[in-house]
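Coordinate analysis (summary)
Below, each chain spelled out in residue letters.
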Amino acid sequence: MIVLEDVWKRFPSGPLVAQGITAVFPAGRATALLGRNGAGKSSLLAMIAGTLRPDAGQVVRHGRVSWPVGFAGAFHPDLTGAQNTRFVARVYGVDSRGLLGFVRDVSGLGDAMRQPVRRYSSGMRARLGFAISMGIPFDMYLVDEVTAVGDAAFRRETSALLKARLGQAGAIVVSHAPAQLRGLCTAGAVLEAGRLRMFDDLEEAIAVYQGGGVVRASTHPTLSAKGQAGRGASAGGR
């Protein structure tokens, strides 16, 4: 479960990403995070992951939360793909040999696993990041447009694997593809002008997002564990 408590964030000379957001993303549910380009979805995901600090408020994480799935920015460029994989395995306390075998199979990088990551293309880095993310069990997965990487066959494989993982864990998923979100998520949240509106009904969230609906403040920013609570609750503002 992820709890946002009066979270504020603005970049210098930039947009307001979070305006007093208070919200709960429950365990065991996959929630689509929707918003126009530049609304701050990736920044909000980074605050949830702990890689970006809010200006005020706090993010409380219950259980093991992934980094943004597919994120490859933290790989050491002079280490090989295999060495980076082993390092992550040690950090998270999982079997390095098992994780390496899994990553080889899923990423499809082949001999490139023995090359320094600095030689990788952005697509190869994303493949490596996705495979490592899927190889470690998390209670909550953070997903940022990851299945847009690679060819059609790889996208199908990543979508199927991600869906299987979400059968046992929760997730917050950023994507501009409604069809993909419908295949992965059961709830939705719309971010606009620093306010976050929560929906137990994914279709209602998509309709608000596509229709440019106004995100207003509310005092019940919590999704139900099984999608049966009130609909259209919003978070933001004091």
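Within any chain, residue numbers begin from 1 and follow the written order of that chain's sequence. Residues qualify for local features only when their pLDDT is at least 70, as the model is predicted, and side-chain atom pairs are given and counted only at 80 or more; totals for whole chains, interfaces and linings, by contrast, use all residues. Computation of side-chain values: all heavy atoms of the structure, hydrogens and water removed.

Our next topic: the overall build of the protein. In terms of helices and strands, the protein carries 7 helices and 10 strands. Residue contacts are counted whenever heavy atoms from the two residues lie within 4.5 Å of one another. By sequence separation, contacts in the protein at least 24 residues apart represent 68% of the contacts at least 6 residues apart. Just so you have it, the protein exposes about 10900 Å², and 50% of that area is on carbon and sulfur atoms. Helix numbers and strand numbers start at the N terminus; a helix is a DSSP run of H or I with at least 4 residues, a strand a run of E with at least 2. Under the convention used here, a 1.4 Å probe and the Shrake-Rupley method define accessible areas, while residue burial counts only the protein chains that appear.

So, on to the pairing of strand β1 (residues 2-10). DSSP-based pairing: two strands are paired if at least 2 bridges between them are found. Two elements, β1 and strand β2 (residues 16-25), share 7 bridges in a ladder whose sense is antiparallel. Bridging across to β2, tryptophan 8 finds its partner in glutamine 19. Between β1 and β2, which pair antiparallel and follow one another directly, the connecting turn spans 5 residues, one of which, serine 13, has a positive phi of 55°. In terms of strand pairing, β1 meets strand β4 (residues 56-61) through 5 bridges, oriented antiparallel. Across the sheet, the residue bridging to tryptophan 8 is alanine 56, located in β4.

This part covers the packing of aromatic side chains. For this analysis, a ring pair means two rings from Phe, Tyr or Trp (six-membered ring only for Trp) whose centres lie within 6.5 Å, classed as stacked if their planes differ by under 30 degrees, edge-to-face if by over 60, and tilted for the remaining angles. With the rule as written, the count across this model stands at 4 aromatic pairs. Where tyrosine 92 meets phenylalanine 138, the ring centres are 5.7 Å apart and the plane angle is 85°; that geometry is what we call edge-to-face. Placement of tyrosine 92 in helix α2 (residues 81-92) and of phenylalanine 138 in the loop between α4 (122-135) and β6 (140-144) is noted, with a sequence separation of 46 residues between them. The rule is simple: take the accessible area with a 1.4 Å probe, protein chains only, and divide by the maximum for that residue type; under 20% is buried, over 50% is exposed, in between is partly exposed. By relative accessible area, which is 26% here, tyrosine 92 ends up partly exposed. Ring centres 5.5 Å apart and planes at 85° place the aromatic pair phenylalanine 138 and tyrosine 141 in the edge-to-face group. The class of phenylalanine 138 is buried, set by a relative accessible area of 5%. A relative accessible area of 2% means that tyrosine 141 is categorised as buried. Every member of this aromatic cluster is reached through a ring pair, and the members are Trp67, Tyr92, Phe138 and Tyr141.

For every residue, the predictor reports its confidence as pLDDT, a number between 0 and 100. Across the protein, the average pLDDT comes to 85, with 84% of residues at 70 or higher. Taken as a whole, residues 227-232 scores under 50 in pLDDT and shows 12 contacts with residues more than four places along the chain or in a different chain.

To continue, consider the packing of helix α3 (residues 96-107) against helix α5 (residues 152-166). Note on definitions: angles span 0 to 180 degrees between N-to-C directions of axes, and those axes are lines fitted to C-alpha atoms, for helices only across the stretch in contact. Two elements in contact, α3 and α5, have axes whose closest approach is 11 Å; the angle formed by their N-to-C orientations is 135°. As judged from the angle between their axes, α3 and α5 are oblique. Two secondary-structure elements touch here, α3 through Phe102, Val106 and Ser107 and α5 through Phe154, Leu161 and Arg165. Taken together, the residues of the contact of α3 with α5 break down into 4 nonpolar, 1 polar and 1 charged. Put simply, angles under 35 degrees are roughly parallel, angles over 145 are roughly antiparallel, angles from 65 to 115 are roughly perpendicular, and the rest are oblique. Under the grouping applied here, Gly and all other residues not named as nonpolar or charged are polar, the nonpolar ones being Ala, Val, Leu, Ile, Met, Phe, Trp, Tyr, Cys and Pro and the charged ones Asp, Glu, Lys and Arg.

Assignment of secondary structure puts alanine 164 in helix α5. Take alanine 164: its relative accessible area is 46%, and that puts it in the partly exposed class. Each C-alpha atom of the pair alanine 164 and leucine 184 lies 9.4 Å from the other, and the pair is 20 residues apart in sequence.

For the rest of this paragraph, the subject is unusual backbone geometry. Even without being glycine, aspartate 6 reaches a positive phi, approximately 50°. Its place among the elements puts aspartate 6 in strand β1. The backbone of alanine 193 sits at a positive phi, close to 55°, despite the residue not being glycine. Along the polypeptide, alanine 193 turns up in the loop between β8 (187-192) and β9 (195-199).

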